[in-house]
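Residues per chain are reported as follows:
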Protein chains: 2
Amino acid sequence: MSAEWDPYRGDCPSRMLLDRIGDRWTVLVVGVLSDGPHRFSELGRRVVGISQKMLTQTLRSLERDGLITRTVYAEVPPRVEYRLTEAGHTLQEPLRALQTWATEHMDAVVDSRRAYDRVGGRLDR
Amino acid sequence: MSAEWDPYRGDCPSRMLLDRIGDRWTVLVVGVLSDGPHRFSELGRRVVGISQKMLTQTLRSLERDGLITRTVYAEVPPRVEYRLTEAGHTLQEPLRALQTWATEHMDAVVDSRRAYDRVGGRLDR
DNA sequence: CTGTATCCGCCTTGATACTG
DNA sequence: CAGTATCAAGGCGGATACAG
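This one's a predicted model, so the numbers in the text were calculated from it and none came from an experiment.

About the thresholds
- Residues numbered from 1 in each chain as written.
- Chains lettered and ligands numbered in written order.
- Predicted model: local features only at pLDDT ≥ 70, side-chain atom pairs only at ≥ 80, totals over all residues.
- Heavy atoms only, no water.
- Helix = DSSP H or I, 4+ residues; strand = E, 2+ residues; numbered from the N terminus.
- Buried < 20%, exposed > 50% of the residue type's maximum accessible area, 1.4 Å probe, protein only.
- Contact = heavy atoms within 4.5 Å.
- Areas by Shrake-Rupley, 256 points an atom, 1.4 Å probe, with all protein chains shown as cover.
- Near = heavy atom within 4 Å.
- Polar contact = N/O pair within 3.5 Å; in protein donor to acceptor, adjacent residues only side chain to side chain.
- Nonpolar A, V, L, I, M, F, W, Y, C, P; charged D, E, K, R; others polar.

Asks: So what exactly am I meant to see when it comes to the overall build of chain A here?
Replies: What chain A contains, in helices and strands, is five helices and three strands. Across chain A, helices and strands are ordered from the amino to the carboxyl terminus as α-α-β-α-α-β-β-α. In chain A, which comprises 125 residues, the proportion classed as buried is 45%. Sequence-distant contacts in chain A: of pairs separated by 6 or more residues, those separated by 24 or more amount to 38%. Accessible surface, chain A: about 6,500 Å² in total, of which carbon and sulfur atoms supply 51%.

Asks: Is there a simple way to think about the protein's contact with DNA strand C in this case?
Replies: Contacts to DNA strand C come from 20 residues, most closely from A:S41, A:Q52, A:R70, A:Y82 and B:K53. At the protein interface, 53% of the atoms of DNA strand C within 4 Å belong to sugar or phosphate. Take A:Y82: an N or O atom from its side chain is 2.6 Å from a phosphate oxygen of DNA strand C. B:D23 has a polar backbone atom sitting 3.0 Å from a phosphate oxygen of DNA strand C. Of the residues contributing to the surface near DNA strand C, the split by class is eight nonpolar, four polar and eight charged.

Asks: What should I look at first to understand helix 1 (residues 13–21) of chain B in this one?
Replies: What sets the pattern is the α-helix's 3.6 residues per turn: residues three or four places apart point alike. Of all nine residues in helix 1 of chain B, eight are buried; the element is thus mostly enclosed. Among the residues of helix 1 of chain B, B:P13, B:S14, B:R15, B:M16, B:L17, B:L18, B:R20 and B:I21 are the ones counted as buried. Those residues of helix 1 of chain B hidden inside the fold are in contact with helix 1 (13–21), helix 2 (26–33) and helix 5 (86–118) of chain A together with helix 2 (26–33), helix 4 (52–64) and helix 5 (86–118) of chain B.

Asks: Honestly, the protein's contact with DNA strand D in this entry has me stumped. Any pointers?
Replies: Surrounding DNA strand D, one finds 21 residues, the nearest of these being A:D23, A:K53, B:Q52, B:R70 and B:Y82. Per the 4 Å cut-off to the protein, sugar and phosphate atoms form 58% of the nearby atoms of DNA strand D. Interatomic distance of 2.7 Å between a side-chain N/O atom of B:Q52 and a base nitrogen of DNA strand D. Looking at the surface near DNA strand D, the elements with two or more residues in it are helix 4 (52–64) of chain A together with helix 3 (40–46), helix 4 and strand 3 (79–84) of chain B. For the surface near DNA strand D, the element with the most residues is helix 4 of chain B, which contributes four residues.

Here it is as structure tokens:
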């Protein structure tokens, strides 16, 4: 399966998705939007630690990729609503699988790291 | 679901996994190792574009996390074999789901980007 | 409220050279 | 073959100030 992966091509599926979820915030934002539509400030509060700049940037990228929609309501004060598109929703499933894996294996990984570090990073013989 | 995510805590499952797959090479290396054990130089050839330094670094991280094992054979020339652990294998599944998603939605995303860029990044009204 | 613009430091990565 | 060491470049992301 991995044979047809071509990390060189920018339009390679693997690379495309990796570039998207590798930016540290995308997955978290999509996770919050899974609950339903949210406005800018709500997202900022929910995704703890994200800066305004990164939130905007993440949202723009997701919009550009067609994974979320951005709706501006002509009100005062202005209100902008972000919501997952059909495609965006389909991304939830694989993301949730990853989340599940992480939850189930977190302890083992933490233990492994501790053991590895304790012996100075040399487990082989 | 997303409510209990805490991006602040370093041991949060989400963050941990994100840090791991966000480094651009881990997923590719795991993908190659899915085919079976490989030696260092083989991995270097299969994961096109990776530098020796990054390959080493990626391998060390995976070993530290208990996702792969490193076996040194006392031969001349030296031979080192990397193989997925039990935990490493379980990671394949969610990774494959992600890969599948990427493959299925790649075209749509590329189209979306083109459309977005054509109108100067302003799809909202 | 919802952004945009700018400066800037850190970390990741790549290139290169060297070793057991 | 399988790394390690070092240095430099670039991008990511944070902080801050400002605007519609």
